[in-house]
Amino acid sequence: MKRNSLIEKIRNEITEDIKREVDLSFEISDRISEILAKQNKTQRDLAKSLHKSEAEVSKWMHGTHNFTINTIAKIEMVLGEKILNVSKQEK
C-alpha cells in the first residue's frame, strides 16, 4: 500500500503524551464497554442512566473522547463499578 507522505509526516510529529492520551481514551471506552457487556446493558441504557443523548454516549465510546474526572465518576456511579484503578505508592 502506498503511504501518504503528509499523513506520515503528521503521524511522526505526534508527541508521546498525545499518543498516551489517545491510548487512555481507548482504554476507558473499552472498560465501559466491558462493564456494559457484563451487565447486559447497552449504550442506550447508559445514556438513559446519565440523562444524556444516545448520540453523546456513542461519541464517547468511539475512544477519542477526552473524559473528565467528573464524567468518569458519574459513569462509575451509575454502573456501580470502577472504570479507573488508581493505586497509591507506598512510602
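Just above sits the structure.
We now examine the overall build of the chain. Helix and strand content of the chain: five helices and zero strands. Taking 2.2 N^0.38 as the reference for a compact globule, 91 residues should give roughly 12 Å; the C-alpha atoms of the chain span a radius of gyration of 16 Å, well beyond that estimate. For the chain, the spread of C-alpha atoms along the three principal axes comes to 45 × 45 × 20 Å. Going through the 91 residues of the chain one by one, you find that 23% of them count as buried. Summarising the internal contacts of the chain: among those between residues at least 6 apart in sequence, 61% fall at separations of at least 24. With an accessible surface of roughly 7,400 Å², the chain has 52% of that area assigned to carbon and sulfur atoms. Seen as two clouds, the 17 positive and the 15 negative side-chain charges of the chain have centres 3 Å apart.

Here the focus is the pattern of salt bridges. Evaluated as defined, the whole model comprises six salt bridges. Residue E54 is joined to R44 by a salt bridge in which the shortest nitrogen-to-oxygen separation is 3.0 Å. Taken as a pair, E54 in helix 4 (residues 54-64) and R44 in helix 3 (residues 43-50) lie far apart in primary sequence, ten residues in all. Because the salt bridges share partners, they merge into one network encompassing R31, E34, K38 and E81.

Rules used throughout
Residues numbered from 1 in each chain as written. Predicted model: local features only at pLDDT ≥ 70, side-chain atom pairs only at ≥ 80, totals over all residues. Heavy atoms only, no water. Helix = DSSP H or I, 4+ residues; strand = E, 2+ residues; numbered from the N terminus. Rg over C-alpha atoms; globule rule 2.2 N^0.38 Å. Buried < 20%, exposed > 50% of the residue type's maximum accessible area, 1.4 Å probe, protein only. Contact = heavy atoms within 4.5 Å. Areas by Shrake-Rupley, 256 points an atom, 1.4 Å probe, with all protein chains shown as cover. Lys, Arg positive; Asp, Glu negative; His and termini not counted. Charge placed at Lys NZ, Arg CZ, Asp CG, Glu CD. Salt bridge = Lys/Arg side-chain N within 4 Å of Asp/Glu carboxyl O.

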